[in-house]
Amino acid sequence: MAARAREPHRIAFYLYDLAADFHAYWNLGNDRPEKRFILEQDAALTAARLYLAAAIGQVIRNGLGVLGVDGGGEHVGACALARHGGQA
């Protein structure tokens, strides 16, 4: 849609909104421990949340690539943990 309408800013706005929504969800864990991404007592939920983080990171990297922006190198965090099975 952004390409057909010749409005590449739509991609940037989408990526910004996606990152903001993820950041807000991640920060829920500050006040509500059950919302944390890494839960020692629930390996399955931890894995699912880490894979979600990795998928969101991939969408952001892909979107930045479409825009011709280098998203930088590997960032330490949930995405890196997800690729390593939760092991830093």
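Let me begin by describing the structure that accompanies this report. From a predicted model like this one, the values you see are computed outputs, not experimental measurements.

### Some remarks on the packing of helix 1 (residues 9-31) against helix 2 (residues 43-66)
Between helix 1 and helix 2, whose axes approach to 10 Å, the crossing angle comes to 160 degrees. On the basis of their axis angle, the class for helix 1 and helix 2 is roughly antiparallel. The two elements helix 1 and helix 2 meet at a crossing, and its hand is left-handed. The residues of helix 2 that touch helix 1, namely those facing Ile11, Tyr14, Leu15, Leu18, Ala19, Phe22 and Tyr25, are Arg49, Ala53, Ile56, Val59, Ile60, Gly63, Leu64 and Val66. Here the residues of the contact of helix 1 with helix 2 sort into 13 nonpolar, 1 polar and 1 charged.

### Re the environment of alanine 19
Along the chain, the position of alanine 19 falls in helix 1. The exposure class of alanine 19 is partly exposed, given its relative accessible area of 33%. Once the C-alpha coordinates of alanine 19 and valine 59 are considered, the two residues, 40 residues apart in sequence, prove to be 9.9 Å apart.

Each value, and the rule that gives it
- For every chain, the first residue of the written sequence is number 1, and numbering continues from 1 along that sequence.
- Where local features are concerned, this predicted model is filtered to residues with pLDDT of at least 70; where side-chain atom pairs are given and counted, the filter is 80 or more; whole-chain, interface and lining totals use all residues.
- Where side-chain values are given, they derive from all heavy atoms of the structure, hydrogens and water being excluded.
- Every axis in this analysis is a line fitted to C-alpha atoms, fitted for helices over the stretch in contact. Angles between the N-to-C directions lie between 0 and 180 degrees.
- Here a strand is any run of E in DSSP of at least two residues, a helix any run of H or I of at least four, and the numbering for each starts at the N terminus.
- Each angle receives one of four descriptions, namely roughly parallel if under 35 degrees, roughly antiparallel if over 145, roughly perpendicular if within 65 to 115, and oblique otherwise.
- A clockwise turn of the near helix away from the far one marks a right-handed crossing, whereas an anticlockwise turn of less than a right angle marks a left-handed crossing.
- Working rule for contacts: check all heavy atoms of both residues, and any pair within 4.5 Å makes them a contact.
- Polarity classes work like this: nonpolar for Ala, Val, Leu, Ile, Met, Phe, Trp, Tyr, Cys and Pro, charged for Asp, Glu, Lys and Arg, and polar for all others, with Gly in that last group.
- Each residue's exposure class comes from its accessible area (1.4 Å probe, protein chains only) as a fraction of the maximum for that residue type: buried when under 20%, exposed when over 50%, partly exposed otherwise.

Honestly, it's all geometry; don't read function into it.
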